[in-house]
Amino acid sequence: MMATKKIINSSTEAAKNEQQAEDFAIVLKNIKKTFYIREKPVDSIRTSIFKFSNNNKKRAIPALKGVSFNVKRGEIFGIVGRNGSGKSTLLKIIARAFPSDKGGQIEVNGKLIRLALGMGFDGNLTARENIYLNGSILGLSFKEIGAKFDEILDFSELHDFIDTKIKFYSSGMVSRLAFAIAIHVQADIFLMDEFFGGVGDVSFQQKSQKVFENTFLENRSIVLVSHDMGIMRKFCHRILVLDRGRQVALGTPDEVIPVYESLFYNG
Amino acid sequence: MSRFIPENNRYERIWILAKYDFKSRYYYNYLGVIWALIKPFFEFLVYYVVFTYFFPGAIENFALYLFLGLILWYFFLEGTNKGINILQQKRYLLENIPFNRGDLLISTTFSAFMAFMFNMVVYLLLSLSLGVIPFHSSIVYFPFLMTIYFLLVMGFGMILATISIHFKDIQHLWDMFMLAGLWLTPILYDKQMIIDNLPALIYINPVSGLIINVREVLLYGNDPDFQLLGFNIIYTIVIFAIGFFVFKSYSHKAAEKL
């Protein structure tokens, strides 16, 4: 296990020397996110007319209170924190699904895909169609997708169901497909939201862990969110610890996992 | 930033989005395409019976007049309704991959346009079977008129898509507008009735002028009414510009709010 990490580390070092130190996959500066919620949501014309007539006060929930970090090209970067610490919100901000509050800066260099369990596909389309759709959204031409198609199929082991609508898939099958697409369609940056570890059966898990251990991911960057400290310790080069939207620690797994674990005792 | 990486597959992407949108609407079973054609045709028959036997007018080639008006109206109806739903529908993409949200609106409008083109084939067959020559030299204006119409539908689509993020009940309001639109546009009756009684309506309702002009060039072989056309061009530019600006500025919260 440790050997694996070294291999990736050394390839990162090599890449670093070639491409200069400022070649980052993700640069975040002072990212803040505040959600505004009301007791009763004002999300229709009807409710917005009546929103002033009752005591339906707007409440600000600061989900992220200024987070800054860089992810290097080829790095596997972990984010840990207790439930509600802002991990998923942060990933959605990096994926540009959520806008962050004014004042922060996000720079993403490369094609990015966010992977989360059971999401990312249109249930009414077949696996084949979803592969083309996702590939196309990620910026690949039909020709390039066609060239990768068999590899995706082989990796996901879904040969018998390729023309079945996704809505008839089990969640494990959906995740396998998502992972297969992500690693084959040349996304540069993966954001994995509790995605790793729970995907597929044991043999598929082993296969997807192997992906981390060979050259598949050279020059690609991964941001990993997980509660499984075994996985985090094994794969991450650096880990960020979030607590209630605040950046508590950032460093190697050995340095910061104790910090994370201490959060549970200090409250 | 990823969004500035030059992309060579944009047209392919818009095409595939439109194709799957069209497919999921109509191809869900083998009768799918037939439904796409039967529905407007059935509606056409109902109106045809009512306006031929109960409220007879004196419109030349009324069947074609009605059918062409209806399918043009359907394009607007479908394109704008898709605009209302598209961000919700494609949330699964918006949440996971950064890409140009505007492509979604181009693709839905295009998908509605494909349905329109299918109906144009029916129109062609209908006119041949009624012994009316479907082509005149004035057909050269048709692509231009449809381009304006396309941009108008897309402009409304962008405005409605943005509104739908914050007001989820916009669909109900829009349904009412569309019902009013069907009757306040010269689709079922002669345009002269509006011109004589409520001329302002031709100018308030941007679809009227386009439907009138498409009929002139396709059905009657006349030049379009250039005054009306000029007005429609300006209307379309304004709506499209508003839609573009509003969508660009306010649609970034789509994944968060929907």
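## Notes on the overall build of chain A
Along its length, chain A carries nine helices and nine strands. At a minimum sequence separation of 6, the contacts of chain A that also span at least 24 residues come to 72%. Carbon and sulfur atoms make up 51% of the accessible area of chain A, which totals about 12,400 Å².

## Regarding the sheet that holds strand β4 (residues 105-108) of chain A
All names here are of chain A. Pairing is antiparallel in the open sheet, where three strands are placed in the order β2-β1-β4. Both edges of this open sheet fall to β2 (58-72) and β4, since each of them pairs with a single strand only. Along the sheet, successive strands turn relative to each other by an average axial angle of 25°, direction set aside.

## Digging into the interface of chain A and chain B
Listed per partner, the contact involves 39 residues of chain A and 33 residues of chain B. Of the roughly 3,200 Å² buried at the junction of chain A and chain B (both faces included), carbon and sulfur atoms supply 58%. Counting every contact that joins chain A to chain B gives three salt bridges. For A:Lys92, the salt bridge goes to B:Glu95, with nearest N and O atoms at 3.7 Å. Our count for the chain A to chain B interface comes out at eight residue pairs in polar contact (both at pLDDT 80 or more). Counting only elements with at least two residues in the side of chain A that touches chain B, the list comes to β1 (24-38), α2 (45-49), β4, β5 (112-116) and α4 (127-137) of chain A. Among the elements that take part in the side of chain A that touches chain B, α4(A) stands out by supplying six residues, more than any other. Here the side of chain A that touches chain B is composed, by residue class, of 20 nonpolar, nine polar and 10 charged.

## Brief notes about a nonpolar patch on the surface
Taken together, the side chains of B:Ile34, B:Trp35, B:Ile38, B:Phe42 and B:Val46 make up a nonpolar region of the molecular surface, amounting to roughly 480 Å² of accessible area. If you trace the backbone, B:Ile34 turns up in helix α2 (residues 32-54).

## A look at the packing of helix α3 (residues 62-89) of chain B against helix α7 (residues 170-184) of chain B
Residue and element names in this part refer to chain B. It is at 11 Å that the axes of α3 and α7 come closest, and there the two elements cross at 170°. Accordingly, the angle class assigned to the pair α3 and α7 is roughly antiparallel. Note on element contacts: α7 touches α3 through Ile170, Gln171, Trp174, Asp175, Met178, Gly181 and Leu182, opposite Leu70, Trp73, Phe76, Leu77, Thr80, Asn81, Ile84 and Asn85. Each residue belonging to the contact of α3 with α7 can be placed in one class, and the counts come to nine nonpolar, five polar and one charged.

## What about the sheet that holds strand β7 (residues 221-225) of chain A?
All names here are of chain A. Taken in spatial order, the six strands line up as β5-β6-β7-β3-β8-β9 in an open sheet, and their pairing is mixed. This sheet does not close on itself; its edge strands, each paired only once, are β5 and β9 (246-251). The mean angle between the axes of side-by-side strands here comes to 15°, regardless of whether they run parallel or antiparallel. Of the pairings in the sheet, the one linking strand β6 (residues 189-193) to β7 comprises five bridges and is parallel in character. Following the sheet pairing, Asp193 is matched in β7 by Val225. Of the strands in this sheet, β5 and β6 are in contact with helix α6 (residues 171-184), which crosses β5 at around 160°.

## Points about helix α5 (residues 102-129) of chain B
In this model, α5(B) (28 residues) spans 41 Å end to end at C-alpha, consistent with the 40 Å of a helix rising 1.5 Å per residue. Two residues or fewer past α5(B), B:Gly131 is found with a positive phi of approximately 75°.

## What to know about the pattern of salt bridges
Residues and elements named next belong to chain B. One pass over the structure, following the stated rule, counts 15 salt bridges over all chains. One salt bridge in this structure joins Asp21 and Lys82, with 2.6 Å as the shortest N-O distance. Here Lys82 lies in helix α3 and Asp21 lies in helix α1 (residues 10-26), a separation of 61 residues in the sequence. Of the two residues, Asp21 and Lys82, neither departs from the other in class, the shared state being buried.

## Here we look at the side chain of B:Asp103
Looking at where B:Asp103 falls in the secondary structure, it is placed in helix α5. Leave out the neighbours within four places in its chain, and B:Asp103 touches B:Arg10, B:Arg13, B:Ile14 and B:Leu17.

## Points about helix α3 (residues 87-94) of chain A
Counting buried positions along α3(A) yields seven of eight residues, so the element is predominantly enclosed. Within α3(A) the residues assigned to the buried category are A:Lys87, A:Thr89, A:Leu90, A:Leu91, A:Lys92, A:Ile93 and A:Ile94.

## Examining the pairing of strand β3 (residues 76-81) of chain A
Residue and element names in this part refer to chain A. β3 sits mainly inside the fold: six of its six residues count as buried. A two-sided burial pattern is seen for β3, the buried positions comprising Ile76, Gly78 and Val80 on one face and Phe77, Ile79 and Gly81 on the other. Relative to β7, β3 runs parallel, the two sharing four bridges. Each residue of the ladder has a partner; that of Ile79, found in β7, is Val225. Relative to strand β8 (residues 238-243), β3 is paired through five bridges, and the arrangement is parallel.

## With respect to the environment of A:Leu177
Residue and element names in this part refer to chain A. Looking at the element boundaries, Leu177 is found in helix α6. We classify Leu177 as buried; its relative accessible area is 1%. Distance from Leu177 to Ile162, taken between C-alpha atoms, is 10.0 Å for residues 15 residues apart in sequence. Apart from the residues lying within four places of it in its own chain, the contact partners of Leu177 are Phe121, Ala127, Ile131, Ser156, Leu158 and Ile166.

## Some thoughts on the packing of aromatic side chains
The description of an aromatic ring pair uses the distance of the two centres, along with the angle that the planes make with each other. All names here are of chain B. By the definition in use, this model includes 34 aromatic pairs over all chains. Ring plane angle 40° and centroid distance 6.4 Å describe the contact between Phe76 and Trp174, whose orientation is recorded as tilted. Linking Phe76 in helix α3 with Trp174 in helix α7, this pair joins segments that are 98 residues apart in sequence. Looking at Phe76, the relative accessible area reads 4%, which means it is buried. Here the aromatic cluster, defined as three or more aromatic residues joined through ring pairs, consists of Trp15, Phe75, Phe110, Phe113, Phe116, Tyr149 and Phe150.

Reading the values: rules and limits
- Residues numbered from 1 in each chain as written.
- Chains lettered and ligands numbered in written order.
- Predicted model: local features only at pLDDT ≥ 70, side-chain atom pairs only at ≥ 80, totals over all residues.
- Heavy atoms only, no water.
- Helix = DSSP H or I, 4+ residues; strand = E, 2+ residues; numbered from the N terminus.
- Contact = heavy atoms within 4.5 Å.
- Areas by Shrake-Rupley, 256 points an atom, 1.4 Å probe, with all protein chains shown as cover.
- Pairing = 2+ DSSP bridges.
- Axes fitted to C-alpha atoms, helices over the stretch in contact; angles between N-to-C directions.
- Buried area = accessible area lost by both parts, 1.4 Å probe.
- Salt bridge = Lys/Arg side-chain N within 4 Å of Asp/Glu carboxyl O.
- Polar contact = N/O pair within 3.5 Å; in protein donor to acceptor, adjacent residues only side chain to side chain.
- Nonpolar A, V, L, I, M, F, W, Y, C, P; charged D, E, K, R; others polar.
- Patch = residues over 30% accessible without salt bridge, like charges linked within 9 Å, V, L, I, M, F, W, Y side chains within 5 Å.
- Parallel < 35°, antiparallel > 145°, perpendicular 65-115°, else oblique.
- Expected span 1.5 Å × (residues − 1).
- Buried < 20%, exposed > 50% of the residue type's maximum accessible area, 1.4 Å probe, protein only.
- Phe/Tyr/Trp six-rings, centres within 6.5 Å; stacked < 30°, edge-to-face > 60°.

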